[in-house]
Amino acid sequence: MTDLLNGIPRVDPTADPPWTLRIVARVLSTELGSVVHRRVMAPLDGPLGRLTRGRLHFGKGTIPLVVLRSTGAKSGVERDVPLGYFTDGDDVILIASNYGQAHHPSWYYNLLKNPQCQLFPEGRTDRGGHFVARLTEGADRDRLFDLAAGYAANFASYAVKTDGVRTINVFRLSPA
């Protein structure tokens, strides 16, 4: 098994997360931390990554990050969004948590309508590759979500927020 999956570094969600991730996950588990990240830091992450060609982002050294390039479900326009991820076998796993909000993130709808996408490690558009996304279901979805929650505690708090409102979906992205 190589360290790269179609240009994306493998991330083992069963490994001990870095101490920085444990702290950030706790902060993101709070309402204030989630709101600040969602409204301030996340919108700046994309431009910061593009400006520095992927050398800097707010999660640097904390969480493995990919930029997902997908085609807009309604607009048909390519959209880039930085997301945390991990790998499972030969697939990249993305969690559509949207900070535990009542609605799915926009990229969720994009991947449902247009599963062909690209991933770039740390926002480096000179690296990465093409993938095909598919929504997980049942035991596979539950296992992958549990791995995410064990790796970054904020996912467990997001599940509590969405309980009875929506299911936090999980995507498998396989190299195209």
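Higher on the page you've got the structure.
Here we summarise the structure given alongside this text. In this numbering scheme, every chain counts its residues from 1 along its sequence in written order. Given that this is a predicted model, residues contribute local features only at a pLDDT of at least 70 and side-chain atom pairs are listed and counted only at 80 or more, while totals for whole chains, interfaces and linings are drawn from all residues. Water and hydrogen atoms were dropped before computing side-chain values, which therefore reflect all heavy atoms in the structure.

### Remarks on the packing of helix α4 (residues 138-151) against helix α5 (residues 154-162)
Right, so step 1: To get an axis, fit a line to the C-alpha atoms, keeping to the stretch in contact for a helix; angles then go from 0 to 180 degrees between the N-to-C directions. Counting from the N terminus, the helices are the DSSP runs of H or I reaching at least four residues and the strands are the DSSP runs of E reaching at least two. For the pair α4 and α5, interaxial distance at closest approach is 6 Å and the crossing angle is 120°. It follows from the interaxial angle that α4 and α5 lie oblique. When α4 is examined against α5, the residues Phe145, Ala148 and Ala149 are found in contact with a partner set consisting of Phe155, Ala156 and Ala159.
Right, so step 2: Charged residues are taken to be Asp, Glu, Lys and Arg, nonpolar residues to be Ala, Val, Leu, Ile, Met, Phe, Trp, Tyr, Cys and Pro, and polar residues to be all remaining types, Gly included. Taken together, the residues that form the contact of α4 with α5 break down as six nonpolar, no polar and no charged. Angles below 35 degrees are treated as roughly parallel, those above 145 as roughly antiparallel, those between 65 and 115 as roughly perpendicular, and all remaining angles as oblique. Throughout, a residue-residue contact means that at least one pair of heavy atoms, one from each residue, lies within 4.5 Å.

### Examining the sheet that holds strand β8 (residues 129-135)
Right, so step 1: Overall, antiparallel pairing links the seven strands, which are arranged β4-β3-β7-β8-β9-β6-β5 in an open sheet. Strands with a single pairing partner mark the edges of an open sheet, and in this sheet they are β4 (78-84) and β5 (86-88). On average, each strand axis in the sheet is inclined to that of its neighbour by 40°, with strand direction left out of account.
Right, so step 2: DSSP-based pairing: two strands are paired if at least 2 bridges between them are found. Here β8 runs beside strand β9 (residues 169-175); their pairing, made up of five bridges, is antiparallel.

### Overview of the packing of aromatic side chains
Right, so step 1: Between the rings of Phe, Tyr and Trp (Trp by its six-membered ring), a pair exists once the centres lie within 6.5 Å; its type follows the angle of the planes, with under 30 degrees stacked, over 60 edge-to-face, and the other angles tilted. As enumerated under the stated definition, the model contains six aromatic pairs in all.
Right, so step 2: The interplanar angle of 65° and the centroid separation of 6.2 Å between the aromatic rings of tyrosine 99 and tyrosine 158 together place this pair among those described as edge-to-face. With tyrosine 99 in the loop between β6 (91-96) and α3 (106-113) and tyrosine 158 in helix α5, the pair connects residues that are 59 residues apart, well separated along the chain.
Right, so step 3: In this structure tyrosine 158 comes out as buried when scored by relative accessible area, which is 2%.
Right, so step 4: With a centroid separation of 5.8 Å and an interplanar angle of 65°, the aromatic rings of tyrosine 108 and phenylalanine 171 are classed as edge-to-face. With a gap of 63 residues between them, tyrosine 108 in helix α3 and phenylalanine 171 in strand β9 connect regions that are remote in the sequence.
Right, so step 5: Exposure is judged per residue with a 1.4 Å probe applied to protein chains only, and the accessible area is read against the type maximum: over 50% gives exposed, under 20% gives buried, and values in between give partly exposed. Judged by relative accessible area, which is 8%, tyrosine 108 ranks as buried.

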